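Observations on the three-dimensional arrangement
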Amino acid sequence: MVSLQPFLDSLLTSLPDPPILKPQLETIARKTLDESAGKSSSDNRKSQWEYLLKNEIFKLAMTEGEALKRDDSTYYDQLKVRLDLVLTFTELDACEQTFPFVVLQDLLETQTINSCSHIFSWIESRSSRLTEGMVPQKGKALVLLRTLNDLLRRLSKSGSTTVFCGRILTFLSGVFPLGERSGVNLRGEYGTTWEDVWYPKPQDGDVEMDETPGKLDGEKEDNAMEVDAGKVSTPQTVVDKKEDFYNTFWHLQVPFSKPPVFANKDTFPDFKDAVNRVLPVIKEATAKERAMMGSRVGVGSSMYKRKRDPEGEETNVNEYFFAKFLTSPDLLDLEIADTHFRRQFLFQLVILLQHLLTFTKTAKAVWATQRNRSLQMDFTLEPDDAQWVQETLNKSLEELKQTTPNGRAFAETIQTILEREKNWMKWKNELCSPFDKETWSITKDGKTMGLFEATKELREKMRQPREDWPHTLGTEPLTEIWQMGYRDLHDLENPFQPGDVKDFAKKIKLEDSRIEMRKKNLARIAERQAQALAAQAAKAQAESESKETPMKVDASAPTPAPVATSPLHPSLPPRPTTSTPIQPPPAQPGPTPAPAASTPAPAPVAPTPASTPGPSAKKIEPMDPQIAKFEENKQRWSWLALRTARDQYLQHFGRIEAGDVGLLIKEIEKEKAATEQEKAAAGREKAQKVDEGTSTIDEMNSRTPVPEPATGSELHSSTPAHDVQQSDSGGRPAEVEEHQP
């Protein structure tokens, strides 16, 4: 067996400067594989290439420290070229399909965070080639998932790689399906359990300082013992209180990191007591901080009125400090005074309280099944405890809103995350049942088509220009109402009032309009039927002409007469197929049938010779039922109109024909016009007589001399007695009487 190392060295020396295109690198790799085809056995050829390629990558990785000091770009370019070689050899079936992921897993464990970021950039750029043919939960998918999860655990220990972690999670969500169970903790395993810490005990030889509050220099404190009911108790010193609070606070991390401890009976009462002791301290620290910030704002606003502080509260909206748990007893007071530390604790508390609410009797009945027993624990939250948990949850969220800066925005973000967490927990408790909906499809003619193919004909039809709308006023009823004579609401507000002939005439006119509209509709229907029959006849004629052998016609067979299609109404023109009149068969001599009993016998008719054709028989077409109804309504309105006009206008009935209401109205109008003319003539004659009388009075007044004015109470003697009356007792002058004709 010959080693393949010389072929690999020759390949590396023949590579051009980066960047190298995929076809070019594939050509070089295929040439190398062809040259080394007979140099080794087929059983171990893949393992040899895998060893050589991996060894070449790690030889370069060993020089990372020195290479980054000189030129980091050259090192990363050479590393990416070798990774491209590994991927190309795998695509050419010279290595196993999982080989690139095994190399990446080992390489990421040996490189620094900065180098891992560059390697992951190469993974992102080659994602389509790496994930080709990848099946979730099998083969290379498991290696890729394990590799990136290990990298995430490594990155989570440092607080400056948030963006890098987001890139990895985004890549995983794009590569694996949304309902993939590989990244889900189905068995409900928790992380590392908190190692409980306790307040350190003083060593031998250490002097314990008495820090009892209220003790000042020169003062003597009476530490007398209090005796109560036989019990002896001493006041708790500051050191004891500090030690007690320290142990209570840090012991809460045990249920935070491992909720299954609530299966023990004493865990929840201790947890409840600890939370009730810690929350007031958190609240007091928040209030103290807000008070201090308020005092600083007040002083600054008075002394530096125009000063602009660039580092205000709103400048660090997008910044967050990840608090690290430092458990030194001397740092606890300083940590509680820190806003971010308090937020971290309250956030942990809110998460645990929401988790406990899923273990009430009602909630457990919803999600607890035999399939997810690993997620369950032997714990049920009683109603009183559930009420306390809900109240504490509300208090914690309210306390988060009170923290500064941007406490309300932070609390709303937490609530949004918890709401989404509920949906995630529900999906996980249901063992990650698939929720993605399949694409819409339909089976037609034994072929499955998608939405685009199934709607192709409909979309093409929608692109065609639309026909003109047959109804000018939008809809058929509106158009019909308009044609019947209704123009505005006034026509509808004044209903029909019998008693006047004109009202009946309007009804008759309305029925005429309906009859006319019905005839037009029937004409259109007949025209469409005629066109359909003509198209059918043309099609049949075209089919008969297209036949090669003509049909033989039997001369002895009688020619069938064309069937006369009767129109729908006698007033409509005949259809195109009945344009030629059909002659009836010649009358055969024979006895005339006897007439009906109710019909008078007709006069005897001379026999017609057989050679002379008889007259064409006129076929009576049936009347349209709607038109017959309208005609009946018209006759009824006419009869009612004549009956109404019988008392007043009976003298005009002899002038109208067959009870025509229209002629009757005309005669009535003529009579009214004549009456109005007579009244007008009488008025003019009366006015003329008035004018003549007025002119006579004026002539008489012109002939009478004008009297002189009277003196005192006497009147002129020449004034006629019949024109002037004496004054009444009040001394008013008499009025002159007006002479009327």
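The sections below set out a description of the structure shown in this document. Computed from a predicted structure; not experimentally measured.

**Considering the side chain of E289**
Within the element layout of this structure, E289 appears in helix α13 (residues 267-303). Classification of E289 by relative accessible area gives buried; the value is 18%. In this structure the side chain of E289 is engaged in a polar contact, spanning 2.6 Å, whose partner is the side chain of T339. For E289, the contacting residues outside a window of four places in its chain are A337, T339, R342 and T404.

**A closer look at the environment of T147**
Inspection of the secondary structure assignment puts T147 in helix α9 (residues 140-155). For T147, a relative accessible area of 6% corresponds to the buried category. Remark: the alpha-carbon pair of T147 and Q105, spanning 42 residues in sequence, is separated by 5.1 Å. Apart from the residues within four sequence positions on either side, T147 is in contact with F101, L104, Q105 and L108.

**With respect to the nonpolar core**
The nonpolar side chains of soluble globular proteins are, as a tendency, buried together. Counting residues in hydrophobic clusters, the biggest one holds 57 residues, and the most contacted among them are L15, W49, L83, F89 and I168. Of all the secondary-structure elements, those providing two or more residues to this core are α1 (5-13), α2 (22-35), α3 (45-61), α5 (72-91), α6 (99-110), α7 (113-125), α9 and α10 (162-175). Broken down by element, this core gets its largest block of residues, nine residues, from α5. Excluding residues within four positions of it along the chain, F89 makes contact with L11, A29, L33, W49, L53, A94 and C95.

**Considering the packing of aromatic side chains**
Using the criterion set out here, one finds 20 aromatic pairs in the structure. Judged by centre distance (6.2 Å) and plane angle (55°), the ring pair of F262 and F268 falls under tilted. On the accessibility criterion, F268 (6% relative accessible area) is buried. Residues F268 and W388 carry aromatic rings whose centres are separated by 5.9 Å and whose planes lie at 85° to one another, so their mutual orientation is edge-to-face. Here W388 lies in helix α17 (residues 383-402) and F268 lies in helix α13, a separation of 120 residues in the sequence.

**Focus on the pattern of salt bridges**
Applying the stated criterion across every chain yields a total of 14 salt bridges. For K54, the salt bridge identified is with D106, shortest N-O distance 2.7 Å. Here K54 is found in helix α3, whereas its partner D106 is found in helix α6, with 52 residues between them in sequence. Its relative accessible area of 25% is what places K54 among the partly exposed residues. Overall, the relative accessible area of 23% leaves D106 in the partly exposed class.

Analysis parameters
Residues numbered from 1 in each chain as written. Predicted model: local features only at pLDDT ≥ 70, side-chain atom pairs only at ≥ 80, totals over all residues. Heavy atoms only, no water. Helix = DSSP H or I, 4+ residues; strand = E, 2+ residues; numbered from the N terminus. Buried < 20%, exposed > 50% of the residue type's maximum accessible area, 1.4 Å probe, protein only. Polar contact = N/O pair within 3.5 Å; in protein donor to acceptor, adjacent residues only side chain to side chain. Contact = heavy atoms within 4.5 Å. Core = buried A, V, L, I, M, F, W, Y, C linked by side-chain atoms within 4.5 Å. Phe/Tyr/Trp six-rings, centres within 6.5 Å; stacked < 30°, edge-to-face > 60°. Salt bridge = Lys/Arg side-chain N within 4 Å of Asp/Glu carboxyl O.

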